[in-house]
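Listed below, chain by chain, are the residues.
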Amino acid sequence: MEQAAQGSDGGAVRATMFVRGSVQGVGFRWWTRARALELGLVGHARNTSDGRVEVVAQGSAEAVAALEALLRESPSTSRRPGRVESVVVQQGVPKDGTHGFVER
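Residues numbered from 1 in each chain as written. Predicted model: local features only at pLDDT ≥ 70, side-chain atom pairs only at ≥ 80, totals over all residues. Heavy atoms only, no water.

## Quick word on the pattern of salt bridges
If you walk through the whole model with that rule in mind, you get 5 salt bridges. Between Arg46 and Glu54 there is a salt bridge, with the nearest N and O atoms lying 2.7 Å from each other. What makes Arg46 partly exposed here is its relative accessible area of 31%. Classification of Glu54 as buried rests on a relative accessible area of 11%. (Salt bridge = Lys/Arg side-chain N within 4 Å of Asp/Glu carboxyl O. Buried < 20%, exposed > 50% of the residue type's maximum accessible area, 1.4 Å probe, protein only.)

## Quick look at the sheet that holds strand β5 (residues 101-103)
Strand order in the open sheet formed by 5 strands is β4-β1-β3-β2-β5, and the pairing between neighbours is mixed. Pairing within the sheet leaves two strands with one partner each, and these edge strands are β4 (83-92) and β5. Ignoring which end each strand starts from, the neighbouring axes of this sheet average 15° apart. Where helix α1 (residues 28-38) meets the sheet, its contacts fall on β1 (12-22), β2 (42-47), β3 (53-60), β4 and β5, and the angle it forms with β5 comes to roughly 175°. In the packing of helix α2 (residues 61-72) onto the sheet, the strands contacted are β1, β3 and β4, and the crossing angle to β3 comes to about 150°. (Pairing = 2+ DSSP bridges. Helix = DSSP H or I, 4+ residues; strand = E, 2+ residues; numbered from the N terminus. Axes fitted to C-alpha atoms, helices over the stretch in contact; angles between N-to-C directions. Contact = heavy atoms within 4.5 Å.)

## Structural notes on unusual backbone geometry
Backbone torsion omega between Ser74 and Pro75 reads -5°, so that peptide bond is classified as cis. Of note, Pro75 is situated in the loop between α2 and β4. Phi is positive for Arg79, close to 60°, though the residue is something other than glycine. Judged by its relative accessible area of 77%, Arg79 falls in the exposed class.

## Looking at the nonpolar core
In this structure, Met17, Val19, Phe28, Leu41, Val55, Leu67 and Leu71 are the most contacted members of the largest nonpolar core, which totals 19 residues. At 4 residues, α2 tops the list of elements feeding residues into this core. Non-local contacts of Leu71, meaning those with residues more than four positions away in its chain, are made with Met17, Val19, Phe28, Trp31, Thr32, Val55, Arg80, Val84 and Val87. (Core = buried A, V, L, I, M, F, W, Y, C linked by side-chain atoms within 4.5 Å.)

So, in structure tokens, the structure goes:
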């Protein structure tokens, strides 16, 4: 299911979430992509060189907040792989032309 991000007049928000913990090499990006697609979000999840996972999510404020809550949830009720120690969120400006949610 591929969905285009809502335009700035459609109420879309964009957030970059940096997830720290045991989140690389455990299926965390795949799990994040699946949850983001279920929520109708666009963006990506990618490993960073310092061991974190960067999650960029764009869509409705409610859906972005729901993804953030799933990333922070402890203990996870949705079988999230790995172990999350912290999530740092930076709000951004929605970008036009963003489609799908991919692992990078």
